[in-house]
Amino acid sequence: LEWCVSVPKVELHAHLNGSVRNSTLFELARVLGDKGVIVFSDVENVIMKDDRTLHKVFKLFDLIHILTTDHSTVTRITKEVIEDFAAENVVYLELRTTPKRNDSIGMSKRSYMDAVMEGLRAVSSVDVDYSPAGLKTNTFNGSTRKKMYVRFLLSIDRRESTEAAMETVKLALEMRDLGVVGIDLSGNPIVGNWSTFLPALKFAKEQGLYITLHCGEVPNQEEIKAMIDFLPHRIGHACCFDEENWRKLKSAKIPVEICLTSNIRTETISSIDIHHFVDLYKAKHPLVLCTDDSGVFSTSLSREYNLASSSSRKD
Ligand code: 5GP
């Protein structure tokens, strides 16, 4: 594991609110508990539980969002998450998050993202380069700190409407100079229809944004086929493909973001020994190891590398 920590790494599939430290979640829960907004012991129970089936994970996200979604907390968790990845030698981080609108606290998708950017600028453990032209950094002249590249993907949640998805794409276009490079489609895979998101994703692609899709977390072969036909730049997970869709994916050479611990903990894949990572790796299909939600699944990118090395050695 030590070697896996020391080697410079690239993280391309990390959800901001899934990567929050447990200690931070507890601290936030205690504050909201003291204010009477939530019951601390209920929240503690959920955060401590080991039960992380796919269905339960989305309930947990709803709870995390109650704890984190105000501007100052979004800033805080962004700073902490970037510093945590930097601490294990991630040199290029593509962090994804769903811009959230909450009228009751004066939050728009834009102001949510401004809070994220403020968190990035507050990072103090490394120098962060966050603009494509390399012009925007938090560096001071003569700094000798380590350097890290950070880019953002804006996520569309499958609960959202076509209009809300389009708003996210327009925001991504507005924020290109601030390191936003693309769009992700995520959220509960049994919610929503591909046709709802397609117009916004098409527009995003036409405008030159990169697209990555959560694809095949459940065995909906029709949707998987439609997603591959769309030719996204990457897909995440690819767990429940039938033979025909595997063949299509491999011939289209669409890179796969592999999230080993997440797939096992959510019981999407029953054991590491039968995970498709080994097959894709041996077939030299483009892939990248990722954490998905290092907080929710208690993992780190170094642990994912370690796990992958043990699984690919087995046969
Ligand atoms: P956020 O976008 O709020 O920063 O990060 C949490 C959100 O990411 C969740 O509410 C969910 O929409 C998405 N997410 C995190 N992990 C997963 C996953 O394993 N599968 C899917 N489909 N979505 C996820």
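Structure first, text after, so check above.
Residues numbered from 1 in each chain as written. Predicted model: local features only at pLDDT ≥ 70, side-chain atom pairs only at ≥ 80, totals over all residues. Heavy atoms only, no water.

Tallying secondary structure elements over the chain gives 13 helices and nine strands in all. Its C-alpha atoms give the chain a radius of gyration of 19 Å, within 12% of the compact-globule value 20 Å for 315 residues. A total of 315 residues make up the chain; the buried ones form 55% of that total. Taking contacts inside the chain between residues at least 6 apart in sequence as the whole, the part at least 24 apart equals 68%. Only carbon and sulfur atoms are counted for the fraction: they give 53% of the accessible area of the chain, which is about 14100 Å². Separation of charge centres in the chain, based on 39 positive and 43 negative side chains, amounts to 3 Å. (Helix = DSSP H or I, 4+ residues; strand = E, 2+ residues; numbered from the N terminus. Rg over C-alpha atoms; globule rule 2.2 N^0.38 Å. Buried < 20%, exposed > 50% of the residue type's maximum accessible area, 1.4 Å probe, protein only. Contact = heavy atoms within 4.5 Å. Areas by Shrake-Rupley, 256 points an atom, 1.4 Å probe, with all protein chains shown as cover. Lys, Arg positive; Asp, Glu negative; His and termini not counted. Charge placed at Lys NZ, Arg CZ, Asp CG, Glu CD.)

Counted under the stated rule, the structure contains five aromatic pairs. Between Trp194 and Phe230, the aromatic rings sit 5.6 Å apart at their centres with planes inclined by 80°, giving edge-to-face as the arrangement. Remark: Phe230 occurs in the loop between α9 (221–229) and β7 (234–237) and Trp194 occurs in helix α8 (residues 194–206); sequence separation between them is 36 residues. A residue is classified by how much of its surface remains accessible, and Trp194, at 11% relative accessible area, is buried. The ring centre of Phe230 lies 4.6 Å from the NZ or CZ of Lys205, which sits over that ring. (Phe/Tyr/Trp six-rings, centres within 6.5 Å; stacked < 30°, edge-to-face > 60°. Lys NZ or Arg CZ within 6 Å of the ring centre and 35° of its normal.)

Here we come to the nonpolar core. Counting 86 residues, the largest nonpolar core has Leu67, Met148, Ile183, Leu201 and Phe241 as the members making the most contacts within it. A per-element tally of this core places helix α4 (residues 54–68) first, with eight residues. Among all residues touching Ile183, those that are not within four sequence positions of it are Leu153, Leu154, Ile156, Thr168, Val169, Ala172, Leu201, Ala204, Leu209, Tyr210, Ile211 and Thr212. (Core = buried A, V, L, I, M, F, W, Y, C linked by side-chain atoms within 4.5 Å.)

Turning next to α9. For α9, every residue scored as buried is listed here: Glu223, Ile224, Met227 and Ile228. Buried residues of α9, seen end-on, are gathered within an arc of 135° and therefore sit on one face of the element. Leu231 sits one or two residues past α9 and shows a positive phi near 55°. (Arc of directions from axis to C-beta.)

Moving on: the layout of surface pockets. For the largest pocket, the calculated volume is near 450 Å³. His15, Phe58, Phe61, Ser186 and Gly187 are the residues nearest the centre of the largest pocket, which is lined by 30 residues in total. Of all elements in the fold, only α4, β2 (90–97) and α11 (260–265) reach the threshold of two or more residues within the lining of the largest pocket. Top element by residues in the lining of the largest pocket is α4. It accounts for six residues. The residue inventory of the lining of the largest pocket, partitioned by class, reads seven nonpolar, 15 polar and eight charged. Pro99, Lys100, Arg101, Arg159 and Glu160 are, among the 13 residues lining the second largest pocket, the residues nearest its centre. When the residues that make up the lining of the second largest pocket are grouped by side-chain class, the tally is two nonpolar, four polar and seven charged. (1 Å grid on protein atoms, 1.4 Å probe; cavity = no way out; pocket = protein on both sides within 12 Å on 5 of 7 lines; lining within 4 Å. Points joined across faces, edges and corners; volume = space filled by probe spheres on them. Nonpolar A, V, L, I, M, F, W, Y, C, P; charged D, E, K, R; others polar.)

Contact pair helix α2 (residues 22–34) / helix α3 (residues 40–48): the axes reach a minimum separation of 9 Å and the direction vectors enclose 165°. The angle between the axes of α2 and α3 places the two elements in the roughly antiparallel class. Remark: the crossing between α2 and α3 carries right-handed chirality. Between α2, through Asn22, Leu25, Phe26, Ala29, Arg30 and Gly33, and α3, the contact on the second element is made entirely by Phe40, Val43, Glu44, Ile47 and Met48. Residues belonging to the contact of α2 with α3 are distributed by class as follows: seven nonpolar, two polar and two charged. (Axes fitted to C-alpha atoms, helices over the stretch in contact; angles between N-to-C directions. Parallel < 35°, antiparallel > 145°, perpendicular 65-115°, else oblique. Left-handed = near helix turned anticlockwise from the far one by under 90°.)

The subject of this paragraph is the site of the ligand. Of all residues adjacent to the ligand, which total 17 residues, the nearest are His65, Thr97, Thr98, Lys100 and Glu217. Residue Gly187 places a main-chain N or O atom 2.8 Å away from a nitrogen atom belonging to the ligand. Within the side chain of Asp292, an N or O atom sits 2.9 Å from an oxygen atom of the ligand. Taking 510 Å² as the accessible area of the ligand by itself, protein coverage stands at 99%. Assessed atom by atom at 2 Å from the grid points, the ligand resides in the largest pocket. In terms of residue count, the dominant contributor to the shell around the ligand is α4 (three residues). Looking at the shell around the ligand residue by residue, the class counts come to three nonpolar, nine polar and five charged. (Near = heavy atom within 4 Å. Polar contact = N/O pair within 3.5 Å; in protein donor to acceptor, adjacent residues only side chain to side chain. Sits in = over half its atoms within 2 Å of the grid points.)

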